[in-house]
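# A closer look at the structure
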Amino acid sequence: MKKLLFYFCLTISALIFLYPFLWMISASLAPESEIGNLFALPSSFSLHSYLSMFNKIPIGRAFVNSMIVASSITFGVLLTGSIVGYALSRLQFKGRDLIFYIIIFTMTLPFQITLIPQYIIMVKFGWVDTYLALIAPYMINALSIIMFRQYFKTIPQDLIDAARIDGCGDFRIVFRILWPNSIPAIVTIGIITFMASWNEVLWPLIVIRDESLMTMPQLVTLFAVGGRAESQLGVKLAAAVMLALPIIIVYLFFQKYFIQSMTSTGIKD
Amino acid sequence: MKNRRVKNKLLPYIFVSPYILHFLLFVAFPVLFSIILTFHKWNIISPMEFTGLNNYVRLFKDTIFLKSISNTLIFLVIHIPLQIIVALFIAEILNQNIKFKGFYRSAFFLPVIVSGVVVTMLWQQLYGFDSGLLNRLLTSVGLPKIGWLIDPAMAMPSIAIMATWKNVGLYIILFLVGLQTVPRHYYEAAELEGANHWQKFFKITLPMINPTIFMVVILSTIGGFSLFIEPYIMTGGGPLNSTISAVLYIYKQGFFYYHMGYATTLGLFFAMLILLVVVTQKKFLEKGE
Amino acid sequence: MIIISKILFKVFIPVLLIITTFGCTKNSKSETDLLYWSSNLPEEILFAKYITTEWNENKKTYHIKFQPVPEGQSSEEVILAAVVGKTTPDIYSNMWQGDVEVYGLAGVLIPFDTLEGFWDFINERCDSTTIAEVTSSDGHIYQIPWKINPIMMIYNQNIIKELNLKEVPRTYSEFTSAAKQFQKDSDGDGYVDRWFGYSEVLVTWWQRFFDFYPLYLAASGGAPLIENNKAVFNNEYAVGVFKFLKNLYDNNYFSRERLSTKQDIFLSGVVATRFTGPWEIAHSEKFKPAGFEYGFQNMPVPDNYTGPVYTYCDPKNIVVFNTCINPQLAFNFIKFALSKKNDLKFLELTNQLPRRKGIDENPFYKEYFENNLKMKIFAEQAKYVKGTDINPKLKEVFDLISQEYEACVIYGVKTPEDAVRDAAEAVDLLFLD
């Protein structure tokens, strides 16, 4: 009896979380005139909203931009995070603790403080309306350094010593010895970095004005608030579906990793 | 050999140099520059103009900015307890011996991974007054419609509800992890002493998962302070500035009106406020443990 | 892991290379060309292409290179970014009149009055009020009046018939009583779902171009909002507009909900009127359901109002940036682009009005207006339009008015008198620092 109540509660809540998405997909496929009264399925399905949305905004281009930006940032963060994390965990040098504390401190620094000066730097560098503005400020991430540092600390020193005897340099040690032994950390950092940069929208809104360089969330946001949808609701929802789709597909395949990564860091987006 | 030693001494610095560079360029310089900017008036295209403490004076008289801070607080006051209660409730059920746990977990987690832009566009439709899904549901069971986004008293709570829907999946999992660390025999012992479900919850579960609650509070607070895209898309800050968030207001001042000096002042002040709140929370919550 | 590091170097490095090349290919123009940016509306691109080709083929002196303004959030932001990054074009043809003063005073625009042949040109094209409207506070003229889109009231002809109205409402009372008559709850759920009109409820400053500002100009016969850095709108006209609109919202004849996030409310008959510009013609023709009929009418005026009805015209003008090496040549091109013949071409291609005096009576354009009767209404309205006051803080002024507008008109938490007075005081404060 109690069990039944549990299942009832869970199913209702699951419905609350899933139904809006299903409604959105259904509405994006419905004829424009039916969206206002739609509960479940429309009388007929059509791709009209999608076709007209593709005509109005360069969403394909935006997808490519988002891919370029998010993967560059992810690669960059993995690369720099592991190198700096290695130095902090395995090398002895003056100022190591100082740097560590600076990293911890910057993690607590709210972004609101640096938002405008960072924009001005972009302007002065002439990076506004280039990929550099989207990528460069995010190439290094304090959290990933700390995570790599913590993870590398758990790897036995013997492994590194053995590699050194074999004549490995430090770069080789990081990428040939430590990386293969740090898959969980790499996956976690990779997923959260990719997700965060894929979903970022405030920064692109500030530094990108050229439509051909816009990322997907930015383009869809401007489409939602701007006039280009010509007051057609279906095309807006179609754009929203297109924005949600890539990450949902990836999520369906790797949900275990997603959930693990995000709960282990507590990071949303 | 000597060469090698010099190289070995230098090497760590080469390794940390990307971080140093990044820190100087994107953290240290912006922070220093922003302090300078707060004493200036600057629209980027004309030369900077020194205005002393004008920006600070203006800030304390700026009713919209003060409103944006109180809006943020309203958001947090609704969002945090709601988040914790809902997440704990669902996590408690999931922690029982339940089938299809994986399915439920994935369902709750879905909004977490989807962009806030999508969630906001979607909820904008759900919240529609005349033909929104929620109001159609309400009227179909004979209840009055709610002015989700058009009633100034309701708009921020509506955004807080939406934000809860979006994030709660993450916290369900966090709580689930926390609940699983509570040893079974604690409950068994309590049952022997005749404790009921609520007593067990308040006497055993709650104290045991305190660290998780602590984490949820801090994370939600930081998230709440960065509220931007939701009001940007949904309400533009209205009605009657009831949903304007501090970040949205800073964005408007900076990138609508190009009041760079003033916007920076707001940013600096707001950042200090965030640090203050988070530090106080930490102190307070750690004491509670 | 070897694979990953391989990917790193095989993918990452090329990506970086691509980025750097993209970053550098932004402005490519040879020294002898002049770069011309138009807006990025498809119709305007057609027109810009047409005139640049015409020019380049017939006049061999120098070349005009045309490019639409890089598409972005708004063209204003793109221009600002270009000014900041010193990547401005030589000629830009879509500058909102209210923005020119900021750039003019910041010294990034060429004053046309210093160029040869300017006065002859401008006196032939514009009447004295228009010239005064575009003259900067420093006495120079930094812009050439180009095109306008006057704001008028569009109405659903079928609904007007349905309501048995003798004529389309002209005054506040006529409008209000028609609104009362039309308001209804069509699905019987106890809530109004048909409103006589709708105006955007967002507080964004430029939304007031479509309600408060044209109504204010209509009521006052084209009075200014600001003069010599002082608010001059604390008067019966502004208060009257606030009262008129507030009453509509108070009685739910206008909806407080943001209906614009839904389907097209005018074409689906949810509202009977809107305040809008000539672009609505093309939009309606494209999306209207079968049997749908509509027309345009002046903005509503106070009951005792007599005389011509003014409105706001959303003027977009042409400017030359100071990065231009040969402003005189740029001006000559502009003269060509705005010739009588090319203005006609512009009308035909874009369905927007050139800001040229007497365009509705000029025989040269007669045929076009006979074929486009709805455009003729706008051409006639064009005699009684106003652009913007000359002031570098115009956006802030509209923002302050909009804040009070929302509090009073939409949410009724303030009386019209208080709201207008508070807005005027706030504007005056703005000019103190």
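Rules of the game
Each residue is numbered by its place in its chain's sequence as written, counting from 1. Chains carry letters and ligands carry numbers; both start at the beginning, A for chains and 1 for ligands, and go up in the order they are written. Reporting in this predicted model follows two pLDDT cut-offs: at least 70 for local features of residues, and 80 or more for side-chain atom pairs to be given and counted; totals over whole chains, interfaces and linings ignore these cut-offs and use all residues. Starting at the N terminus, helices and strands are each numbered in turn, a helix being any DSSP run of H or I of at least four residues and a strand any DSSP run of E of at least two. Residue burial is a threshold on neighbouring C-beta atoms within 10 Å of the residue's own C-beta, all placed from the backbone, with 20 or more meaning buried, 12 or fewer meaning exposed, and counts in between meaning partly exposed. Two residues qualify as a contact pair if the distance between their C-beta atoms, derived from the backbone, is within 7 Å. When we talk radius of gyration, it's over C-alpha atoms, and the globule rule is simply 2.2 Å times the number of residues to the 0.38. DSSP-based pairing: two strands are paired if at least 2 bridges between them are found. Comment: axis = line fitted to C-alpha atoms, over the contacting stretch for helices; angle = value between 0 and 180 degrees taken between N-to-C directions. Read the arc as the range of directions from the helix axis to the C-beta atoms. As a per-residue measure, pLDDT tells how confident the predictor is, with possible values from 0 to 100. In this count, Pro and Cys sit with the nonpolar residues alongside Ala, Val, Leu, Ile, Met, Phe, Trp and Tyr, while Asp, Glu, Lys and Arg are called charged and the others, Gly among them, polar. Definition of nonpolar core: a set of buried Ala, Val, Leu, Ile, Met, Phe, Trp, Tyr and Cys residues joined via C-beta atoms within 7 Å.

### Brief notes about the overall build of chain A
Each helix and strand in chain A was counted, giving 13 helices and 0 strands. Across chain A, helices and strands are ordered from the amino to the carboxyl terminus as α-α-α-α-α-α-α-α-α-α-α-α-α. Its C-alpha atoms give chain A principal-axis dimensions of about 70 × 65 × 35 Å. Across the 269 residues that make up chain A, the buried fraction comes to 51%. Considering only contacts within chain A whose residues lie at least 6 apart along the sequence, 74% involve residues at least 24 apart.

### A look at the overall build of chain B
Summing up its helical and strand segments, chain B has 13 helices and 2 strands in all. Computed over C-alpha atoms, the radius of gyration of chain B comes to 24 Å, more than 25% over the 19 Å expected from 2.2 N^0.38 for 289 residues, which places it beyond the range of a compact globule. Taking the principal axes of the C-alpha coordinates as reference, chain B spans close to 75 × 75 × 35 Å. Per-residue burial for chain B yields a buried fraction of 46% across its 289 residues. The contacts of chain B with a sequence gap of at least 6 include a subset with a gap of at least 24, amounting to 67%.

### Observations concerning the environment of Ile 150 of chain B
With respect to the element layout, Ile 150 of chain B can be found in the loop between helix H6 (133-140) and helix H7 (152-180). Residues Ile 150 of chain B and Thr 235 of chain B, spaced 85 residues apart in sequence, show a C-alpha to C-alpha distance of 8.7 Å. Residues within four places of Ile 150 of chain B in sequence aside, it is in contact with Phe 129 and Pro 239 of chain B together with Arg 256 and Glu 257 of chain C.

### Some points on the sheet that holds strand S12 (residues 316-320) of chain C
Hydrogen bonds along the backbone pair up the strands of a sheet, which may run parallel or antiparallel. All names here are of chain C. Overall, mixed pairing links the 6 strands, which are arranged S2-S1-S3-S12-S4-S13 in an open sheet. What marks the edges here is a single partner per strand, and that holds for strand S2 (63-68) and strand S13 (353-354). Across 2 bridges, strand S4 (residues 144-148) lies against S13 in antiparallel orientation. Bridging across to S13, Lys 147 finds its partner in Pro 354. Relative to the sheet, helix H2 (residues 42-58) contacts strand S1 (33-38) and S2, its axis offset from that of S2 by approximately 170°.

### Here's the deal with helix H13 (residues 340-350) of chain C
All names here are of chain C. Of the residues making up H13, those classed as buried are Asp 343, Phe 346, Leu 347 and Thr 350. The buried side chains of H13 occupy one side of the element, clustering within an arc of 100° when seen end-on. The inward-facing, buried residues of H13 contact H2, S13 and helix H14 (366-371). Positive phi appears at Asn 351, one or two residues downstream of H13, with a value of about 55°.

### Considerations on the confidence of the model for chain B
Averaged over chain B, the pLDDT score is 88; the fraction of residues at 70 or greater is 97%. The ipTM for the predicted assembly is 0.88, set against a pTM of 0.86.

### Some thoughts on the interface of chain A and chain B
At the interface, 64 residues of chain A touch 65 residues of chain B. The set of elements that each furnish at least two residues to the side of chain A that touches chain B consists of helix H1 (2-28), helix H3 (59-90), helix H4 (96-108), helix H5 (115-125), helix H10 (183-199), helix H11 (202-207), helix H12 (216-225) and helix H13 (233-265) of chain A. Per-element tally for the side of chain A that touches chain B: the top contributor is H13 of chain A, with 12 residues. Partitioned by chemical class, the residues of the side of chain A that touches chain B number 46 nonpolar, 14 polar and 4 charged.

### A closer look at unusual backbone geometry
The phi torsion at Leu 240 of chain B lies on the positive side, around 50°, for a residue other than glycine. Mapping Leu 240 of chain B onto the fold places it in the loop between helix H11 (229-234) and helix H12 (246-255). Despite not being glycine, Asn 228 of chain C shows a phi value in the positive range, around 45°. Positionally, Asn 228 of chain C belongs in the loop between strand S7 (226-227) and strand S8 (230-231).

### So, the environment of Asn 228 of chain C
Look at Asn 228 of chain C and you get exposed, because 9 C-beta atoms sit within 10 Å. Separated by 91 residues in the primary sequence, Asn 228 of chain C and Ser 137 of chain C place their C-alpha atoms 8.7 Å from one another.

### As for the sheet that holds strand S6 (residues 195-198) of chain C
All names here are of chain C. Read across the sheet, 4 strands follow the order S6-S9-S5-S10 without closing on themselves; strand pairing throughout is mixed. Each edge of the open sheet carries a strand with a single partner, namely S6 and strand S10 (294-297). Sheet twist, expressed as the mean angle between neighbouring strand axes with direction ignored, is 25°. Pairing analysis gives 3 bridges linking S6 to strand S9 (residues 271-276), with the strands arranged parallel. Within S9, the position partnered with Trp 195 by the bridge is Val 271.

### Notes on the nonpolar core
Within soluble globular proteins, side chains that are nonpolar tend to cluster in buried spots. Grouped together as the largest cluster of nonpolar side chains are 290 residues, with contacts concentrated most on Ala 239 and Ala 240 of chain A, Ile 172 of chain B together with Tyr 216 and Val 241 of chain C. Among all residues touching Ala 239 of chain A, those that are not within four sequence positions of it are Met 53, Ile 57, Ile 59, Val 220 and Phe 223 of chain A.

### Considerations on the pairing of S1 of chain C
For a regular strand, side chains alternate in direction, first toward one face of the sheet and then toward the other. All names here are of chain C. The buried fraction of S1 is high, at 5 of 6 residues. Direction of pairing for S1 relative to S2: parallel, over a ladder of 6 bridges. Looking at the pairing, Asp 33 lines up with His 63 of S2. Looking at chain direction, S1 and strand S3 (residues 91-96) are connected through 2 bridges and run parallel. Along S3, the bridge assignment pairs Tyr 36 with Ile 91.

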